[in-house]
Amino acid sequence: MTGRTVRIGCASGFWGDTPEAVGQLVTKGDIDYLVFDYLAEITMSLLARARAKSPEAGYAPDFVQAVAPYLPELKRKGIKVVANAGGVNPRGCREALAKAAEAAGIKISIGAVLGDDLLDRSDELRARGVTEMFSGAPFPAKPMSMNAYLGARPIAAALAAGTDIVVTGRCADSAVALGPLMHEFGWGDEAWDRLSQGSLAGHLIECGPQGTGGNFTDWREVPGWDDMGMPIVEVSEDGSFIMTKTPDTGGLVVPASVGEQMLYEIGDPQRYILPDVICDWSQVTLEQVGPDRVMVKGARGLGRTDSYKVSATHADGWRAITTLTLAAIEAPAKAERVAEAILTRCRRIFRGRNLGDFWQVSVEVLGAEAAYGANARARTREVVLKIGAVHDDRAALNIFAGEIAPMAVSSAQGLTGFFAGRPKVQPVVRLFSFLHPKADTPVIVEVDGETVPVKVATEAVRLPAPKLHRGEAGNPGPDSVTVPLVALAWARSGDKGNIANIGVIARKPDYLPWIRAALTEERVKKYFVHVCNGPVERFELPGIHALNFLLHDSLGGGGIASVRIDPQGKAMGRSCWTSGCPCRPSLPRATDCRRSRRHEGRTRHAYPEASRRKSRGSRRADPAHRADAGHCNFRSAACERTARPRAPHRGQDR
């Protein structure tokens with residue numbers, strides 16, 4: 001890295017992230033840009049419903065509340081702000097922020113990026129015969145929201161017009177960082193490698209402290225969870241950058257923690273498609289260059305597409321989810337029987353009222369390693385029973401909600417923990433994704449209410465991907481030893497709609513052949529057969545000695561429609577840690593094996609204050625002492641049932 005650098009800090013990884021991050025970055029981060037990422041598909045549908053009730057609503061009010069107290073300091077330090085907090089009403093967000101600035105006596109320029117909202121074109125798109133890009137499902141009758149993922153060029157145009165704050169609607173998460181870089185360094189629309197590097201910088205910070213040690217495999221090595229450092233990238237004109245964090249805070253920035261975040265939800269690392277560039281991150285390298293400082297290089301750009309991905313949401317039936325605690329003899333078996341009794345009773349009532357069966361039912365006994373399927377090993381005397389159900393008719397789920405509490409006096413001894421009362425019946429909000437031509441998606445940039453010209457590149461450019469050298473798989477032989485995967489690798493998982501993404505990084509390059517041999521597509525499919533209903537794909541990232549897996553049709557419909565306990569696949573990377581990996585006896589270091597035992601073992605009172613915590617009246621999980629009748633070890637796995645087949649796009653458990 002040489003010459004001028006631009007420092008960008010991210011203060012929000014989702015709508016609901018801590019507002020404390022703003023002050024941390026503004027006062028201690030020494031940043032040039034403060035960026036925020038608020039929007040997910042479910043967020044867009046919630047904001048659309050809010051605007052339907054009030055024309056002034058439809059944006060993330062948290063953004064205005066978090067930024068307003070720091071407007072004087074932002075102005076004094078010259079820190080510019082970019083946020084996708086506009087939701088479905090960027091103009092409304094701009095006006096609310098302008099009022100806050102006026103009240104504080106601060107004169108600022110505010111830009112807004114418009115054009116992502118395509119909801120008014122629903123009838124036109126339905127008439128064209130647009131179908132869902134993954135399942136082929138027909139266009140929904142009544143979409144709740146419909147937004148294109150815009151790119152970074154409009155943000156750069158707003159900054160070039162002199163604005164202090166840019167508010168967007170839906171855009172690629174990483175675009176809030178790429179836009180400032182395009183503006184500061186004058187990157188053109190065909191500076192492919194730099195656009196890819198800038199997108200990677202945005203990707204690494206877009207989830208907040210998840211890039212600085214949050215959710216890290218080696219969690220014991222990460223200090224200061226109570227004051228995690230927010231991520232900062234120092235980017236040079238050539239696109240290379242250093243990943244770091246706010247000084248004097250918790251967290252850990254090392255190649256492994258950065259690598260885990262790089263793999264998070266990217267799919268094919270040689271073809272990670274963003275609005276501005278097709279990214280090839282397979283040869284990216286990560287190098288520790290100082291305490292909590294990692295150099296990131298090697299991203300390639302392979303052109304761009306001529307279309308935007310559009311995410312629409314629509315209501316598709318009703319759902320309800322409940323949890324109960326059971327602590328007693330044979331707790332997991334009793335929990336399964338309680339669930340069976342509730343569902344059997346409901347189905348009998350449904351038949352009597354001609355309501356039809358559930359679309360989908362998910363029963364998971366938490367504490368009995370439901371996430372592990374046939375690989376569960378737990379023997380426990382205390383579990384939480386979770387039942388999720390989906391139905392066409394809201395009235396049916398109201399019946400379901402009313403038949404849960406009666407189990408307290410008609411079923412298993414030790415059943416307790418009815419804290420939440422009857423579960424709330426809510427709409428199933430389903431995702432519908434499709435591609436839409438960029439040339440048919442007008443983008444508007446306004447600065448202080450005046451339109452600013454912007455030209456978005458719309459023609460497709462495809463560059464050939466470099467051929468990857470795919471390494472050999474290890475051949476352990478008859479004298480091999482089997483160790484848990486966590487002894488050899490780091491892992492992180494997430495989601496893309498109904499597809500789970502698991503990234504696995506070898507702790508040492510020498511470990512990768514053995515990991516490659518153990519984690520074939522077939523074996524990963526078999527390990528997750530209890531949740532994975534589609535094919536498994538494996539991709540290689542030689543630059544960081546990693547593998548990336550896509551498990552199709554694995555999340556019960558995905559985060560905004562699923563009734564599973566892990567609808568976004570967050571735990572899948574962790575559950576595969578214990579899978580056995582055969583290797584040479586001399587390969588794993590003793591320290592790595594100790595690490596795997598720590599991950600597997602039970603830790604009692606890691607923090608002394610945990611053992612001194614006192615129960616307070618009814619806050620006890622079992623206030624009526626219903627579980628005191630006895631204890632016994634038992635093991636149970638998850639149970640998922642589907643009453644009748646549905647179209648694949650409904651995402652049912654089978």
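Above this text sits the structure in question.
Residues numbered from 1 in each chain as written. Predicted model: local features only at pLDDT ≥ 70, side-chain atom pairs only at ≥ 80, totals over all residues. Heavy atoms only, no water.

A. Quick look at the packing of helix H11 (residues 331–352) against helix H12 (residues 394–402). Closest axis-to-axis distance for the H11/H12 pair is 10 Å, and the angle between their directions is 140°. It follows that H11 is oblique to H12 by the angle criterion. The handedness of the crossing between H11 and H12 is right-handed. Mapping the contact onto sequence places Ile342, Leu343, Cys346, Ile349 and Phe350 in H11 and Ala396, Ile399 and Phe400 in H12. Class assignment of the residues belonging to the contact of H11 with H12 gives a composition of eight nonpolar, no polar and no charged. (Axes fitted to C-alpha atoms, helices over the stretch in contact; angles between N-to-C directions. Helix = DSSP H or I, 4+ residues; strand = E, 2+ residues; numbered from the N terminus. Parallel < 35°, antiparallel > 145°, perpendicular 65-115°, else oblique. Left-handed = near helix turned anticlockwise from the far one by under 90°. Contact = heavy atoms within 4.5 Å. Nonpolar A, V, L, I, M, F, W, Y, C, P; charged D, E, K, R; others polar.)

B. Layout of the side chain of Arg319. In this structure, Arg319 sits in strand S15 (residues 307–327). In this structure Arg319 is buried but unpaired, with Glu364 as the nearest side chain of opposite charge at 11 Å. At a separation of 2.6 Å, a polar atom in the side chain of Arg319 contacts the main-chain carbonyl oxygen of Ser562. Apart from the residues lying within four places of it in its own chain, the contact partners of Arg319 are Ala389, Val390, Leu397, Lys424, Val425, Gln426, Pro427, Val428, Ala561, Ser562 and Val563. (Buried < 20%, exposed > 50% of the residue type's maximum accessible area, 1.4 Å probe, protein only. Lys, Arg positive; Asp, Glu negative; His and termini not counted. Salt bridge = Lys/Arg side-chain N within 4 Å of Asp/Glu carboxyl O. Polar contact = N/O pair within 3.5 Å; in protein donor to acceptor, adjacent residues only side chain to side chain.)

C. A nonpolar patch on the surface, seen in detail. The grouping of Met133, Phe134 and Leu435 at the surface amounts to a nonpolar patch, some 320 Å² of accessible area in total. In this fold, Met133 is placed in the loop between helix H6 (122–127) and strand S5 (143–148). Overall, the relative accessible area of 35% leaves Met133 in the partly exposed class. (Patch = residues over 30% accessible without salt bridge, like charges linked within 9 Å, V, L, I, M, F, W, Y side chains within 5 Å. Areas by Shrake-Rupley, 256 points an atom, 1.4 Å probe, with all protein chains shown as cover.)

D. Fine view of the sheet that holds strand S10 (residues 278–280). Read from one edge of the open sheet, three strands run S9-S10-S13, paired in antiparallel fashion. Looking along the sheet, the strands with just one partner apiece sit at the ends: strand S9 (272–273) and strand S13 (300–301). As paired elements, S9 and S10 share two bridges and run antiparallel to each other. The residue of S10 that forms the bridge with Tyr272 is Cys279. (Pairing = 2+ DSSP bridges.)

E. Up close: helix H8 (residues 175–185). Among the eleven residues that make up H8, nine are buried, leaving the element largely enclosed by the rest of the structure. Listed as buried for H8 are Ala175, Val176, Ala177, Leu178, Gly179, Pro180, Leu181, Met182 and Phe185. Where H8 is buried, its residues meet strand S1 (5–10), strand S2 (33–36), strand S3 (80–83), helix H7 (153–160), helix H9 (192–205) and strand S7 (231–236). Looking one or two places after H8, you find Gly186, whose phi comes out positive at around 65°.

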